[in-house]
Amino acid sequence: MPEAVIVSAVRSPIGRAGKGSLKDIRPDDLAAQMVAAALAKIPELDPTEIDDLMMGCGQPGGQSGYNIAKVVATTLGYDFLPGVTVNRYCSSSLQTTRMAMHAIRAGEGDVFISAGVESVSSFSTGTADGWPNTKNALYAEAQARTELGAQGGIAWSDPREAGLIPDVYIGMGQTAENVASLTGISREDQDRWGVRSQNRAEEAINRGFFAKEITPVTLADGTVVSTDDGPRAGTSYEKISQLKPVFRPDGSVTAGNACPLNDGAAALVIMSDTKAKALGLTPLARVVATAATGLSPEIMGLGPIEAVKKALGYAKMTTSDIDLYEINEAFAVQVLGSARALDLDEDKINVSGGAIALGHPFGMTGARITNTLINNLREQDKTFGVETMCVGGGQGMAMVLERLS
């Protein structure tokens, strides 16, 4: 059975939604630049040999609509290339990598592009190019529930009892507060993890770590963006601990221990090991195993727990076999809750910072974390890594990687 190997990995800088460096670039243009950059790294590949372009996108509407994967293929002049857009929200572009692996192992292709994009800026107002803004409506609904909950009008444990929309749409901040209540993880622990994320990202920037994985983006006016907007140099616990809770008056989730809203794109080229060998390519990593699991939407932040267990089971490995972990930092409390339930060594988690500092463009995150995990494994001369994240609506997803070069 052929193995799926990653032969190229790139990502854009991550911009702050609505006010950051990538707010004015269309998501299809942004994604097209990343796909082109990923292919440019492997000139040995004839683009006509690509079997499919699979694009993860958490909110595939407005400027990200019309099957953005095929839009990107056509934008690049690859009319021959099919495209499909996948939405598993926070793990959308991890799902596309999983799909590539499955196709390769099934013998149904040798070369796939697994990419992801999200432009929250393009749907942060009422409409995007005249199209209704579903995301904005969901935010409004979540805010309404938040306000009613604060007034005692809704029990967070089952918003369906209030006759509102299904609880898969519960506000993500509310789910983080639920996890804090369930696990007993303190505000201080959450804040200290937020500081850790910022400080480690700052250290990584200073040693040139992210420069190795970022492909600069050229805007329509010729401006070149080459760094992430999010990391805040000099972040301290004293500063973060003064921030007020965002989602509940007596809560513990703040802007300092949660990820922001973002724009960004990333792309991987995934091949069969036989095709990579035939082209004379040295793969970056092998996809060992993947898994997706479900859980109650109200505590979706704990999704990585069962997903990691399941992926390691498929790989016939245990946590003791894993050198490094990348757990998407949607919220500090969900990273800590998942890590403690799995009894992970925190020194092996997000060693160069995470989404609290860098940002979390939903559709991009899966492919971005893959890139970062490979680079961390290379920098530390380690072999096996796990990427995992919680997923809005009540899911978890995980992937086991083996570094090959």
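Residues numbered from 1 in each chain as written. Predicted model: local features only at pLDDT ≥ 70, side-chain atom pairs only at ≥ 80, totals over all residues. Heavy atoms only, no water.

The next point concerns the overall build of the protein. Each helix and strand in the protein was counted, giving 12 helices and 14 strands. Within the protein, buried positions represent 59% of all 405 residues. Restricting the contact set of the protein to residue pairs at least 6 apart, pairs at least 24 apart contribute 80%. Total accessible area on the protein is roughly 15300 Å²; 51% of this is exposed by carbon and sulfur atoms. (Helix = DSSP H or I, 4+ residues; strand = E, 2+ residues; numbered from the N terminus. Buried < 20%, exposed > 50% of the residue type's maximum accessible area, 1.4 Å probe, protein only. Contact = heavy atoms within 4.5 Å. Areas by Shrake-Rupley, 256 points an atom, 1.4 Å probe, with all protein chains shown as cover.)

With that out of the way, let us pick up the UniProt feature "active site" (unreviewed entry) in the protein. Using the residue numbers shown here, the UniProt feature "active site" (unreviewed entry) corresponds to Cys90, His360 and Cys390. In terms of the greatest pairwise C-alpha distance, the residues named above, spread along 301 residues, form a tight cluster of at most 12.0 Å across. Relative to the helices and strands, Cys90 resides in the loop between strand 4 (83-86) and helix 3 (92-105). Tracing the backbone shows Cys390 in strand 13 (residues 384-391). The residues contacting Cys390, other than those within four sequence positions of it, are Cys90, Met300, Gly301, Gly303, Pro304, Ala330, Gln334 and Gln395. (UniProt positions renumbered as here; feature names shortened; annotations may be inferred.)

So, on to the packing of helix 3 against helix 12 (residues 362-379). Here helix 3 crosses helix 12 at 55°, and the two axes come no closer than 5 Å. With respect to helix 12, the axis of helix 3 lies oblique. In this structure, helix 3 uses Ser92, Ser93 and Leu94 to contact helix 12, whose residues at the interface are Gly363, Met364, Thr365, Gly366 and Ala367. (Axes fitted to C-alpha atoms, helices over the stretch in contact; angles between N-to-C directions. Parallel < 35°, antiparallel > 145°, perpendicular 65-115°, else oblique.)

Counting along an α-helix, one turn takes 3.6 residues, and residues three or four places apart therefore face a common direction. Under the 1.5 Å per step criterion, the end-to-end length of helix 3 is 20 Å for 14 residues, consistent within 8% with the ideal 20 Å. Most of helix 3 sits inside the fold, with 11 of its 14 residues counted as buried. Buried within helix 3 we find Ser92, Ser93, Leu94, Gln95, Thr96, Thr97, Arg98, Ala100, Met101, Ala103 and Ile104. Looking one or two residues past helix 3, Gly107 carries a phi angle of roughly 75°, positive in sign. (Expected span 1.5 Å × (residues − 1).)

Turning our attention to helix 6 (residues 187-206). Its 20 residues place the ends of helix 6 29 Å apart at the C-alpha level, agreeing with the 28 Å of an ideal helix rising 1.5 Å per residue. Along helix 6, the residues classified as buried are Gln190, Asp191, Trp193, Gly194, Val195, Arg196, Ser197, Gln198, Ala201 and Ala204. Lining the buried residues of helix 6 we find helix 5 (172-183), helix 7 (237-240), helix 10 (332-341) and helix 11 (355-358). Gly208 sits one or two positions beyond helix 6 and adopts a positive phi of about 80°.

Before going further, it helps to spend a moment on the nonpolar core. Within the largest apolar cluster, 44 residues are counted, with the highest numbers of intra-cluster contacts made by Ile6, Phe210, Ile270, Val287 and Leu401. No other element matches the 7 residues that helix 12 contributes to this core. The residues contacting Ile6, other than those within four sequence positions of it, are Leu268, Val269, Ile270, Pro283, Leu284, Ala285, Val287, Thr370, Ile374 and Leu401. Ile42, Met55, Val217 and Leu281 belong to the second largest nonpolar core, which has 38 residues in total. (Core = buried A, V, L, I, M, F, W, Y, C linked by side-chain atoms within 4.5 Å.)

Before going further, it helps to examine the pairing of strand 3 (residues 52-56). Among the 5 residues in strand 3, 5 count as buried, and that is most of the element. Burial of strand 3 is two-sided: the residues Asp52, Met54 and Gly56 facing one way and the residues Leu53 and Met55 facing the other way are all buried. Strand direction decides the pairing type here: strand 3 and strand 5 (residues 111-119), joined by 5 bridges, are parallel. Counted as the bridge partner of Asp52 is Phe112 from strand 5. On the question of chirality, the crossover connecting strand 3 to the parallel strand 4 by way of helix 2 (residues 68-75) is right-handed. (Pairing = 2+ DSSP bridges. Right-handed = clockwise from strand over helix to strand, strands pointing away.)

The residue Asp191 is located in helix 6 in this model. Once the C-alpha coordinates of Asp191 and Ser252 are considered, the two residues, 61 residues apart in sequence, prove to be 8.9 Å apart. With residues up to four places along the chain from it excluded, the contact list for Asp191 reads Tyr237, Ile240, Ser241, Thr254 and Asn257.

A few words now on the side chain of Ser338. Among the structural elements, Ser338 can be located in helix 10. Overall, the relative accessible area of 0% leaves Ser338 in the buried class. Those residues within four positions of Ser338 in sequence are excluded, and the remaining contacts are Gly301, Leu302, Pro304 and Ile305.

This brings us to the side chain of Ser121. Structurally, Ser121 is set in the loop between strand 5 and strand 6 (127-128). On the accessibility criterion, Ser121 (11% relative accessible area) is buried. Only 2.6 Å separates the side chain of Ser121 from the side chain of Asp263, close enough to count as a polar contact. Those residues in contact with Ser121 that lie beyond four places of it in its chain are Arg16, Ala17, Gly18, Lys23 and Asp263. (Polar contact = N/O pair within 3.5 Å; in protein donor to acceptor, adjacent residues only side chain to side chain.)

Extensive coverage of strand 14 (residues 395-403) is indicated by the burial of 8 of its 9 residues. In this sheet, strand 14 lies alongside strand 11 (residues 285-294) in antiparallel orientation, the contact comprising 9 bridges. Of the residues in strand 14, the one forming a bridge with Thr293 is Gly396. The hairpin formed by strand 13 and strand 14 contains 3 residues between the paired strands, and Gly393 there has a positive phi angle of roughly 95°.

For the pair helix 6 and helix 10, the least separation of the axes is 9 Å and the interaxial angle reads 100°. Relative to helix 10, the element helix 6 lies roughly perpendicular. Together, Asp189, Gln190 and Trp193 of helix 6 and Ala332, Val333, Val335, Leu336 and Arg340 of helix 10 make up the contact between the two elements. A class-by-class count of the residues in the contact of helix 6 with helix 10 yields 5 nonpolar, 1 polar and 2 charged. (Nonpolar A, V, L, I, M, F, W, Y, C, P; charged D, E, K, R; others polar.)

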